[in-house]
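Fold and contact review
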Amino acid sequence: AALSHYLTYQYVPHPWTIFEDIRKVEPGSWLEWRNGRLRTERYWTLTYEPKRAIRLEDAIEEGFHLLEEAVRIRLMSEVPLGCFLSGGVDSSTVAAMMRRHVSGRLRTFSIGFTEEKFNELPYARQVAQQLQTEHEEYIVRPDALECVARLAWHFDEPFADSSAVPTYYLAKMTRQHVTVALNGDGGDESFAGYERYRSLAPLRLYKKIPAWVRRAMVKPLAAAARVFSSSAKLELLNYVNRTSLLPLESYYVQMMVIFRDYQKRALFVDRHRHELTEADIDSEWLTEGMMLNGSARAPVDRMMFADIMLYLPGALLPKVDRTTMAVSLEGRSPLLDYVLMEWAARLPAELKYRDGELKFLLKRIANRFFPMEFLNRPKQGFGVPVGLWFRRELRELVEDFLLSERSRNRGFFDPAYVERIYRQHQSGAQNHAHRLWALLMFEAWARTFLDR
């Protein structure tokens, strides 16, 4: 079941772990063992209602001072301290707040790629020059994947967020100069920064097609997608049409899954597929439950709450925690300050996301430091060009991890299905980069923990 959930989300969500009879303590909860009895209890959660009535100007002023205080208290350190700087809104704002309290030497650290589409170094450099920081950069190249086995060891479980690779090298470079590094984690989840939050607008347009027409298209499109399995556009249309008939919760989770339920049924070998219940295969109910059971009412608030409860503790925080601790660096996240998060949750949703603009409020706070044209550039995220590398420099590595006799005999996945999606990716027929990376990192974990 944990492996099935991993294939959906690229991490093993709580309360599961990849190890039998071991469970994670859920976020915002404590665990007590007393006199042979185990008890867990939630001590904290975000409350989104009732909303505060507040003017934009007042929200900008309050938010500025709350964020400044969150940064200030994380500057207490008896060892050298710096900041991860991607050049995005979050880390740039944190670095600017640091500069308000650090009058002398301030060190910033950035990571980049030779592939221009994935490289944000020029923006980070621009911020570093404006803030007059001592700036260090590192370029990640395909040979960086020599760290795959090391990452598998440090994460303890299969973990398939490919940005763990550059984060590891960023932490390694940073540790050569400082012992503590602040970062911008948490801004997307509290201030509406993910592109997927913006998807509701085009969905509403597509929903103008009558529901009976969209329902009538489901079976023909699904059949056509199976026949023309190399057509990414046809599969996308099939996906959009099918999800347009779903409630918000189901639609939202569809944008994040790596392997969908029907793909997992094809991926698992028969004996494992028969062991799995429907709840094991359909992992999407985890996100749907968070969206339905929290206090949030506005659609974007419900999306953010689900990400705070699942994606943040399942993927983002372990990524930074394990990669920094692997090199003895302490990471601190001012945007995850609980006072700041509680304040943001109670704000009207339209202050966080307005008229298609992500991070509406946070950008206005950051506008005290940076011009809006800098803040409004398209969001790049912290992606890694593994899809390109798989077709070029890393072809041999991928074939060893996914197609070799050693991996084929592992006994979890159907080798024919794995080879099929690999060949589709190599030919450019479909982009399976995230799925192949999830399978590769599972194999790296298996070689590190099972084989040894």
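Worth saying up front: this structure is predicted, and the values here are computed from it rather than measured.

What counts and what doesn't
- Residues numbered from 1 in each chain as written.
- Predicted model: local features only at pLDDT ≥ 70, side-chain atom pairs only at ≥ 80, totals over all residues.
- Heavy atoms only, no water.
- Helix = DSSP H or I, 4+ residues; strand = E, 2+ residues; numbered from the N terminus.
- Buried < 20%, exposed > 50% of the residue type's maximum accessible area, 1.4 Å probe, protein only.
- Areas by Shrake-Rupley, 256 points an atom, 1.4 Å probe, with all protein chains shown as cover.
- Lys, Arg positive; Asp, Glu negative; His and termini not counted.
- Charge placed at Lys NZ, Arg CZ, Asp CG, Glu CD.
- Pairing = 2+ DSSP bridges.
- Right-handed = clockwise from strand over helix to strand, strands pointing away.
- Salt bridge = Lys/Arg side-chain N within 4 Å of Asp/Glu carboxyl O.
- Patch = residues over 30% accessible without salt bridge, like charges linked within 9 Å, V, L, I, M, F, W, Y side chains within 5 Å.

Helix and strand counts for the protein chain come out as 25 helices and 7 strands. Expressed along its principal axes, the backbone C-alpha trace of the protein chain runs to roughly 60 × 60 × 55 Å. Every one of the 452 residues in the protein chain was classed for burial, and the buried ones make up 55%. As displayed, the protein chain offers around 20800 Å² of accessible surface, 52% of which is attributable to carbon and sulfur atoms. In the protein chain, 62 side chains carry a positive charge and 58 a negative one; their mean positions are 3 Å apart.

The next point concerns the pairing of strand S3 (residues 81–84). In terms of strand pairing, S3 meets strand S6 (residues 180–182) through 3 bridges, oriented parallel. Paired with glycine 82 across the two strands is alanine 181, which belongs to S6. A crossover links S3 with its parallel partner strand S4 (residues 107–113), the connecting element being helix H3 (residues 89–101), and its sense is right-handed.

Time to look at unusual backbone geometry. With omega at 5°, the peptide bond leading from histidine 14 into proline 15 counts as cis. Along the chain, the position of proline 15 falls in the loop between helix H1 (2–9) and strand S1 (29–34). One non-glycine residue with positive phi stands out, namely asparagine 35, at about 50°. Within the secondary structure, asparagine 35 is located in the loop between S1 and strand S2 (37–42). Despite not being glycine, aspartate 355 has its phi angle at roughly 50°, a positive value. Within the fold, aspartate 355 resides in the loop between helix H18 (349–352) and helix H19 (360–366).

Here we take up the pattern of salt bridges. Evaluated as defined, the whole model comprises 38 salt bridges. As a salt-bridge pair, arginine 265 and glutamate 278 come within 2.5 Å of each other at their nearest N and O atoms. Of this pair, arginine 265 sits in helix H12 (residues 261–267) while glutamate 278 sits in helix H14 (residues 278–281), and the two are 13 residues apart along the sequence. Given the relative accessible area of 29%, arginine 265 is considered partly exposed. Salt-bridge contacts for glutamate 443 lead to arginine 410; the nearest nitrogen and oxygen are separated by 2.7 Å. Here glutamate 443, found in helix H25 (residues 433–450), pairs with arginine 410, found in the loop between helix H23 (405–408) and helix H24 (415–427); they are 33 residues apart in sequence, far enough to count as distant. Within this structure, Asp400, Arg406, Arg410, Glu443, Arg447 and Asp451 form a network of salt bridges that share partners.

Here we come to a nonpolar patch on the surface. A surface patch of nonpolar side chains, about 450 Å² in accessible area, is lined by Val25, Leu31, Trp33 and Leu38. Residue position: tryptophan 33 is located in strand S1.

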